[in-house]
Each structure stands twice: as C-alpha cells, then as structure tokens.
Amino acid sequence: KTTVGENGGVYEVKWASGDKIAISDDTNVGTYSTTSTESEGTFSLSSGTAVTGPAFKAYYPADNYNKTTGVYTLPSSYTLGTGVFPKSALYAESNDTNLSFVNLLGFIKLNVKGTDTVKKIKQVVVTADQGLAGPITVTADASAFKAVASSENNRLTVSCPSGSYQTLDQGFTFIIPVPAGSYTNLKFEIQSTNVLTDGFATKTANKAIVVERSKITTINLNNVSFDVAEGAGTEADPYLLKSEEDLARLSGANTSGKYFKIANDFTLTKPITPFDLSCKQLDGNNKTITIANGFNIPSSGGYYVGIFGALTCDVINLNLTSTGTLQYVDIGNTLK
C-alpha cells in the first residue's frame, strides 16, 4: 500500500479487507476491492467496467472518485477510526496491473492537552491559507505525486471516534491528513462536546508549518482551555463574535470586564431569547446583525423585546436589522 514516516521511523500502512480502489484507463472506469490485510494485496472488479489498459490511473478510497467527471475529491471532514491513520488519499500510475501506491498527502499529528478534568474534546477544525479539501489536481512531486487543492476549500474538520471523547487533562491526538506544503497561517479550533456551553479553543501557528508528502509533522498544543469565543477578551485581543452560535454562547457566561467585537455580518436564524450581558465593551465593528425569526420572550416577563434583557456594557458601532416587522429593537440604554 504505502509507508508513512515520523522522526526517522517508517511505518507500513496496510490494506483492510473491503478496501476499494477506482482504476481508470483511456476508456473505462472500474471499482476493485480486496480482502487483503497486508501492505500488498490482490484486487478484483466489484463494480463498473473492467479496465484493459495499456495505461492505468488508480485512486484510493474509491468513493472519493467521480466516475463520470473523473474528478477526485478530498473530504472536508474525517472521523478518526480505531487505527492510527485515517484513510489518506492514495494514487498510482502504471503501464501494467502492478500498482504501487503513494500518499498524496502529508500528516499533522496534533497533540492537544489542558488541565480541565471535566470538559471533553470532540473535534478540531483546521483552517489554512491554502486548500485542504475538495476537488484536487494530482501533480508530479520529486518522482512521486502530490495533491493540489483549490484555495477555496481551506477548512477541514477531524473528529474523535464516537464514544472516545477525552477530557482536556487526558488529552487527545488527532492525525490530520492535509496536502503537502508550507502553511504560514494554520489555525486550529479545538471544540468541546458541548460547544454551545463549554466553547472552544483557537490556536494559530506562530511560524510556517512545513508538511511533507507521506511524512508526519508533530504539533503540540499544551495548556489548552475552552473559552466563549475566539480571542482573549482583552482590549487588545477582544473576543470575536462570528455567528449566532457565538452570540448565544454569551448567555450565562462570565463576561464581566471583557471586550467583544463583531467579526462579520451574521443572521439570527433562530428565535432569540433575550439575555443579560455584562461586559466592558461590545464593538459592533460597523457590522450588521440581522434578526430573521423574532424572539422567544420568557413567560415570567420583565424582558424587553430585544437581544439583551439587561445590558451593562459599552456598545459602539453596531447595526441591527430585521427581515420581518418588529415593533422596536432594544439593545439597552448605553448604545452609541
């Protein structure tokens, strides 16, 4: 199948029974499967049309290959299995039926650890300044091959196996397959099992991270703690609110003395229940929050019909609008 290297070591990646590859020639495309559990295996046609050559191109996993368009797509999300590596994209070219596969991708080994003994790690969302997923182009790379993904698909989600969530103090290791390259703006958002209450942690690499094809690059994130939003909540590094989920997370959170900034326009698609907000400053950043589905007014009453029931916060440069008819929108008496 192929090998993967880390710190000078080389590991064989073996086939699993039921693995399928897509093989094409100039005319036909067939899906071939194996019962092998070793690094070498024999494949037989399981669907499609048998290929006859003389030249062959092969992709693994077969499900990522569109037989009609001939386009191979890297998934935008992975769930790690019980093995060490997820199903990395593999590619082979040959003039006969002996196919020698290579990894199209490299791997980031992300070790996440904190001190909290209760909050659990569910997944990590990776964003970059270049493509991570979606349709790819296969190009030659030092007598082998590599994947080049469109920069429009720069987001990848890797999840822990269901039922295997670990607390922050226990830590978790994510094996993340990405196209080889030098990443100068790599960002990791580590999410909890209940991101609406526990929040998440965001870490950005402070230097270029080089990921080589078929090799493992290790990144250690220590002292990780979940917070209500991206940022530190200070005047110099305010919490960034990017979505209605971010806004909803403030309800019940300890935000006193903290600074917030609206990072982009967003829409409240769900009826919002007014909540009290105490903070140092909420900078609207001249962005607009659109109220699209009204409000849930608590039966106990005592709330204004607005986003905030009570507001102890300096609010500046915030635009509010609605897609429906509202009698009024109230966000407190300190609006500037």
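Above this text sits the structure in question.
Thresholds applied
Residues numbered from 1 in each chain as written. Predicted model: local features only at pLDDT ≥ 70, side-chain atom pairs only at ≥ 80, totals over all residues. Heavy atoms only, no water. Helix = DSSP H or I, 4+ residues; strand = E, 2+ residues; numbered from the N terminus. Buried < 20%, exposed > 50% of the residue type's maximum accessible area, 1.4 Å probe, protein only. Contact = heavy atoms within 4.5 Å. Areas by Shrake-Rupley, 256 points an atom, 1.4 Å probe, with all protein chains shown as cover. Lys, Arg positive; Asp, Glu negative; His and termini not counted. Charge placed at Lys NZ, Arg CZ, Asp CG, Glu CD. Pairing = 2+ DSSP bridges. 1 Å grid on protein atoms, 1.4 Å probe; cavity = no way out; pocket = protein on both sides within 12 Å on 5 of 7 lines; lining within 4 Å. Points joined across faces, edges and corners; volume = space filled by probe spheres on them. Nonpolar A, V, L, I, M, F, W, Y, C, P; charged D, E, K, R; others polar. Disulfide = S-S within 2.5 Å.

A. Spotlight on the overall build of the protein. From N to C terminus, the protein includes one helix and 27 strands. Dimensions of the protein, computed from C-alpha atoms along their principal axes, come out at roughly 75 × 45 × 35 Å. Counting all 336 residues of the protein, 44% fall into the buried class. Considering only residue pairs separated by 6 or more positions, the protein has 62% of its internal contacts joining residues 24 or more positions apart. A total of about 16,700 Å² of accessible surface is found on the protein, and carbon and sulfur atoms cover 44% of it. The positive charge centre, built from 26 side chains, and the negative charge centre, built from 30, are 3 Å apart in the protein.

B. Representation of the pairing of strand β17 (residues 172–179) in the model. Most of β17 is tucked away: seven of the eight residues are buried. Direction of pairing for strand β11 (residues 105–114) relative to β17: antiparallel, over a ladder of eight bridges. Paired with Phe107 across the bridge in β17 is Pro177.

C. Structural detail: the pairing of strand β15 (residues 155–159). Here β15 lies mainly inside the structure; four of its five residues are buried. Sheet topology note: the strand β8 (residues 77–79)/β15 ladder contains three bridges and is parallel. Within the sheet, the bridge partner assigned to Ser77 lies in β15 and is Thr157.

D. Seen up close, the layout of surface pockets. Roughly 650 Å³ of volume is contained in the largest pocket. Residue lining of the largest pocket: 33 residues in total, with Lys1, Trp15, Leu99, Ser100 and Phe101 positioned closest to the centre. Of all the elements, strand β1 (residues 2–6) adds the most residues to the lining of the largest pocket, at five residues. When its residues are assigned to classes, the lining of the largest pocket shows twelve nonpolar, 14 polar and seven charged. Taken as a whole, the second largest pocket encloses approximately 320 Å³ of empty space. Lining the second largest pocket are 17 residues; nearest its centre among them are Arg155, Glu189, Gln191, Phe200 and Lys242. When residues of the lining of the second largest pocket are traced back to their parent elements, those giving at least two are β12 (120–127), β19 (187–192), β20 (200–204) and α1 (244–249). With four residues, β19 is the largest single contributor of residues to the lining of the second largest pocket. Grouping the amino acids of the lining of the second largest pocket by side-chain chemistry returns five nonpolar, four polar and eight charged.

E. The arrangement of the state of the cysteines in detail. Taken as a whole and assessed by the stated rule, the structure comprises one disulfide. Disulfide pairing is shown between Cys279 and Cys313; the S-S distance is 1.9 Å. Taking the torsion about the S-S bond as the criterion, the Cys279 to Cys313 disulfide, at about -55°, is left-handed. Taken together, the residues span a long stretch of sequence, with Cys279 in strand β26 (residues 275–291) and Cys313 in strand β27 (residues 308–322) at a distance of 34 residues. The burial state of Cys279 is the same as that of Cys313; both residues are buried.

F. Representation of the sheet that holds strand β4 (residues 29–33) within the structure. As summarised here, the arrangement of the six strands in space is β5-β4-β3-β6-β9-β10, forming an open sheet in which the pairing is antiparallel. In this open sheet, the two edge strands, each paired with only one partner strand, are β5 (44–48) and β10 (102–103). Where strand β9 (residues 90–94) meets β10, two bridges bridge the pair, whose relative direction is antiparallel. When the sheet's bridge partners are listed, Tyr91 is paired in β10 with Val102.

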